[in-house]
There are 2 protein chains.
Amino acid sequence: MTDYKVIEVKESILEDNDADAEVLRKELKAQKTCLINLMSSPGAGKTTTLCQTIARLKDEMNIGVMEADIDSDVDAATITAAGARAIQIHTGGMCHLDADMTRQGLREFGTEDLDLVFLENVGNLVCPAEFDTGSSKNAMILSVPEGDDKPHKYPLMFSVCDVVLINKCDTLKVFEDFSKEAVVEQIHKLNPNAKVIFVTAKTGEGFDEWIDWLRGQVADWKN
Amino acid sequence: MTDYKVIEVKESILEDNDADAEVLRKELKAQKTCLINLMSSPGAGKTTTLCQTIARLKDEMNIGVMEADIDSDVDAATITAAGARAIQIHTGGMCHLDADMTRQGLREFGTEDLDLVFLENVGNLVCPAEFDTGSSKNAMILSVPEGDDKPHKYPLMFSVCDVVLINKCDTLKVFEDFSKEAVVEQIHKLNPNAKVIFVTAKTGEGFDEWIDWLRGQVADWKN
């Protein structure tokens with residue numbers, strides 16, 4: 001009926017998540033699979049961003065998506081329809097993924113032949129930021145309707161991200177209070193090295209810079 | 001400099017949060033203070049909703065707001081300016097409030113003379129749903145830009161709420177995919193007794209029903 005697997009992952013009993021994440025990262029480096037941990041609030045546009053990304057990159061590399069969700073599997077179905085391999089991870093109510101849960105998902109998924117794997121984390125700006133998943137890089141999406149004050153209110157999330165996509169820029173005309181300058185300033189105050197890219201996932205506007213960044217990550221990870 | 005207190009609350013060491021919540025609820029009932037636990041994703045409009053609510057009710061009852069935030073205190077400043085008493089609770093990175101943390105906040109706040117207290121919980125659709133805070137009722141806000149599929153993806157949150165405000169309805173013209181009928185159907189499938197009210201907190205549109213619901217809760221709590 002479905003062409004993606006659904007698995008339940010269990011909370012890790014390992015005490016040292018950071019060490020576990022380092023081990024996983026080394027394994028992924030050895031097999032040349034770049035893992036991007038994608039985080040955001042609920043409804044910021046993670047799945048739409050991934051569909052748009054897959055459409056642009058699927059002819060030049062092998063892409064997989066691990067969808068973490070508390071219970072449903074609508075996202076894995078959407079991703080499969082977009083043309084990438086997907087696996088749905090049910091977290092059993094857990095609000096984040098740690099490195100061991102990520103590894104359980106990767107093992108079931110089978111990622112040896114994949115150049116790029118996205119981990120679509122649970123929609124949550126608090127807990128996922130606290131756990132290194134073992135990913136190559138952390139990416140997050142902030143959508144314009146959420147407001148430009150979010151870096152100030154969820155500082156850890158913005159501090160741990162290598163790249164921040166500001167999504168739903170087509171709604172800037174409706175959300176007139178949102179200042180692009182203010183959000184960039186706040187992000188760089190927390191994290192001077194974060195790359196900030198303004199996009200509209202629904203239309204693909206602004207995606208060239210994001211796609212180039214991803215190409216660079218995949219190429220770097222193979223060296 | 002500020003006319004609101006900022007306190008740090010510690011994670012509870014008590015094992016039975018449900019029992020602790022029941023005790024707190026009885027204390028609040030005895031002192032006739034109705035406590036509404038307000039939850040949502042980041043940026044759904046909790047603070048704007050509270051400001052609009054305070055403006056409409058402050059002349060007929062004594063209102064207080066406990067702002068839970070990981071680190072900042074912008075919301076307490078906004079609430080104080082709107083004309084209600086406020087206290088800022090810093091959760092020290094915690095992703096939710098439990099009953100004991102709520103009690104720590106209430107004790108510092110001093111609520112004996114208040115008819116209605118709002119607890120603005122941490123912006124998160126996962127963890128806050130798992131902890132009974134001892135509130136009289138649970139309320140949540142889902143904003144239109146987040147999408148109409150959120151009840152399906154965060155079922156526990158919608159299951160524990162007595163009332164759901166669908167906010168930012170002025171943006172329905174931009175977010176054309178959002179179906180009001182679909183969201184009501186999904187919420188009632190999870191929680192047949194949940195009251196669903198469509199509002200725009202920025203303008204106050206739809207607020208009469210919400211304000212009437214609050215008046216009813218405060219009156220019931222005093223009996």
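Residues numbered from 1 in each chain as written. Chains lettered and ligands numbered in written order. Predicted model: local features only at pLDDT ≥ 70, side-chain atom pairs only at ≥ 80, totals over all residues. Heavy atoms only, no water.

1. A short note on the overall build of chain A
In terms of helices and strands, chain A carries eight helices and eight strands. Relative to the 2.2 N^0.38 estimate, which gives 17 Å for 223 residues, the radius of gyration of chain A is 16 Å and therefore close to what a compact globule would have. The principal-axis extents of the C-alpha atoms in chain A amount to approximately 45 × 40 × 35 Å. A buried classification covers 62% of the 223 residues belonging to chain A. A total accessible area of about 8900 Å² is found for chain A, and carbon and sulfur atoms account for 49% of it. Treating the 23 positive side-chain charges of chain A as one cloud and the 39 negative ones as another, the clouds have centres 4 Å apart. (Helix = DSSP H or I, 4+ residues; strand = E, 2+ residues; numbered from the N terminus. Rg over C-alpha atoms; globule rule 2.2 N^0.38 Å. Buried < 20%, exposed > 50% of the residue type's maximum accessible area, 1.4 Å probe, protein only. Areas by Shrake-Rupley, 256 points an atom, 1.4 Å probe, with all protein chains shown as cover. Lys, Arg positive; Asp, Glu negative; His and termini not counted. Charge placed at Lys NZ, Arg CZ, Asp CG, Glu CD.)

2. Observations concerning the sheet that holds strand β7 (residues 163-167) of chain A
Residues and elements named next belong to chain A. In spatial order, the strands read β1-β4-β3-β5-β2-β6-β7-β8; together these eight strands make up an open sheet with parallel pairing. Strands with a single pairing partner mark the edges of an open sheet, and in this sheet they are β1 (5-8) and β8 (195-198). On average, each strand axis in the sheet is tilted by 20° relative to the strand beside it, whichever way the strands run. Sheet analysis places β7 next to β8, joined by four bridges and oriented parallel. Bridge pairing links Leu-165 to Ile-197 in β8. (Pairing = 2+ DSSP bridges. Axes fitted to C-alpha atoms, helices over the stretch in contact; angles between N-to-C directions.)

3. Quick notes on unusual backbone geometry
Residues other than glycine seldom take positive phi values, yet Lys168(A) does so here, at roughly 60°. Structurally, the position occupied by Lys168(A) is in the loop between β7 and α7 (180-190).

4. Observations concerning the packing of helix α2 (residues 46-57) of chain A against helix α3 (residues 74-82) of chain A
Residues and elements named next belong to chain A. It is at 9 Å that the axes of α2 and α3 come closest, and there the two elements cross at 15°. Compared by their axis directions, α2 and α3 come out roughly parallel. The hand of the α2/α3 crossing is right-handed. Residues Thr-47, Leu-50, Cys-51 and Ile-54 of α2 form the contact with α3, whose own contacting residues are Asp-75, Thr-78, Ile-79 and Ala-82. (Parallel < 35°, antiparallel > 145°, perpendicular 65-115°, else oblique. Left-handed = near helix turned anticlockwise from the far one by under 90°. Contact = heavy atoms within 4.5 Å.)

5. Remarks on the packing of aromatic side chains
For any pair of aromatic rings, the description consists of the separation of the ring centres together with the inter-plane angle of the planes. Applying the stated criterion across every chain yields a total of two aromatic pairs over all chains. Both rings, one in Trp210(B) and one in Trp213(B), keep their centres 5.8 Å apart while their planes meet at 10°; by these two values the pair is stacked. Linking Trp210(B) with Trp213(B), this pair stays in helix α8 (residues 207-222), spanning three residues, or about one helical turn. Trp213(B) gets classed as buried once you look at its relative accessible area, which sits at 11%. For Lys180(A), the ring lying beneath its charged end belongs to Phe198(A), and the centroid distance is 4.7 Å. (Phe/Tyr/Trp six-rings, centres within 6.5 Å; stacked < 30°, edge-to-face > 60°. Lys NZ or Arg CZ within 6 Å of the ring centre and 35° of its normal.)

6. Details of the environment of Ile79(B)
The topology assignment puts Ile79(B) in helix α3 (residues 74-82). On a C-alpha basis, the gap between Ile79(B) and Cys51(B) in space is 6.2 Å, while along the polypeptide they are 28 residues apart.

7. Notes on the interface of chain B and chain A
Listed by partner, the interface residues are 29 residues for chain B and 29 residues for chain A. Buried surface at the junction of chain B and chain A, both sides included, amounts to about 2300 Å², of which 61% is carbon and sulfur. The three residues of chain B that bury the most area against chain A are Pro42(B), Lys153(B) and Val174(B), which together make up 23% of that side's buried surface. Remark: the boundary between chain B and chain A carries four salt bridges. Residue Lys153(A) pairs with Asp75(B) through a salt bridge whose shortest N-O separation is 2.4 Å. For the pair chain B and chain A, the interface holds seven residue pairs in polar contact (both at pLDDT 80 or more). The dominant element in the side of chain B that touches chain A, judged by the number of residues it contributes, is helix α5 (residues 150-153) of chain B, at three residues. (Buried area = accessible area lost by both parts, 1.4 Å probe. Salt bridge = Lys/Arg side-chain N within 4 Å of Asp/Glu carboxyl O. Polar contact = N/O pair within 3.5 Å; in protein donor to acceptor, adjacent residues only side chain to side chain.)

8. Some remarks on the nonpolar core
Grouped together as the largest cluster of nonpolar side chains are 150 residues, with contacts concentrated most on Ile166(A), Trp210(A), Ile166(B) and Trp210(B). Aside from chain neighbours lying at most four places away, what touches Trp210(A) is Thr49(A), Thr53(A), Phe118(A), Ala139(A), Val163(A), Leu165(A) and Ile197(A). (Core = buried A, V, L, I, M, F, W, Y, C linked by side-chain atoms within 4.5 Å.)

9. Side note on empty space enclosed by the protein
Applying the stated criterion to the full structure yields one cavity of 30 Å³ or more. What lines the largest cavity is a set of 15 residues, among which Pro42(A), Ser143(A), Glu146(A), Ser143(B) and Glu146(B) lie closest to the centre. (1 Å grid on protein atoms, 1.4 Å probe; cavity = no way out; pocket = protein on both sides within 12 Å on 5 of 7 lines; lining within 4 Å. Points joined across faces, edges and corners; volume = space filled by probe spheres on them.)

10. Observations concerning α3(B)
Since there are 3.6 residues in each turn of an α-helix, residues three or four apart along the chain are aligned in direction. Taken together, the buried positions of α3(B) are occupied by Asp75(B), Ala76(B), Ile79(B), Thr80(B) and Ala82(B). The buried residues of α3(B) occupy one face: seen down the axis, they fall within an arc of 155°. Buried residues in α3(B) make contact with α5 (150-153) of chain A together with α2 (46-57), β3 (63-69), β4 (85-90) and β5 (116-120) of chain B. Remark: Gly83(B) follows α3(B) within two positions and exhibits a positive phi of approximately 105°. (Arc of directions from axis to C-beta.)

11. Overview of the sheet that holds β5(B)
The strands making up a sheet associate through backbone hydrogen bonding, with each pair oriented either parallel or antiparallel. All names here are of chain B. Taken in spatial order, the eight strands make up an open sheet running β1-β4-β3-β5-β2-β6-β7-β8, and their pairing is parallel. Where the open sheet ends on each side, the last strands, each with one partner, are β1 (5-8) and β8 (195-198). On average, each strand axis in the sheet is tilted by 20° relative to the strand beside it, whichever way the strands run. As paired elements, strand β2 (residues 34-40) and β5 share five bridges and run parallel to each other. In the strand pairing of β5, Leu-35 is matched with Val-117. Sheet strands in contact with α2 are β2, β3, β5, β6 (137-143) and β7 (163-167), and its direction is about 170° off that of β5.

12. Quick word on the relation of the copies chain B and chain A
For the pair chain B and chain A, the superposition axis carries a translation of 0.0 Å, the fit reaches an RMSD of 0.0 Å, and the rotation angle comes to 180°. Given the turn and translation reported, the copies of this chain are related as if by a two-fold rotation axis. Within chain B, the C-alpha atom positioned nearest to the axis of rotation is that of Asn124(B), 2.9 Å from it. Here 97% of the interface residues in chain B have copies in chain A that are interface residues too; the copies meet face to matching face. (Least-squares fit on C-alpha atoms with pLDDT ≥ 70 in both.)

13. Side note on the packing of α2(A) against helix α8 (residues 207-222) of chain A
Residues and elements named next belong to chain A. Close contact between α2 and α8 brings their axes to 11 Å; oriented N to C, the two are set at 70°. By the angle between their directions, the pair α2 and α8 is classed as roughly perpendicular. The chirality of how α2 crosses α8 is right-handed. Residues Thr-49, Gln-52, Thr-53, Arg-56 and Leu-57 of α2 touch α8, and the partners they reach there are Phe-207, Asp-208, Trp-210, Ile-211, Leu-214 and Arg-215. Classifying every residue of the contact of α2 with α8 by side-chain character gives five nonpolar, three polar and three charged. (Nonpolar A, V, L, I, M, F, W, Y, C, P; charged D, E, K, R; others polar.)

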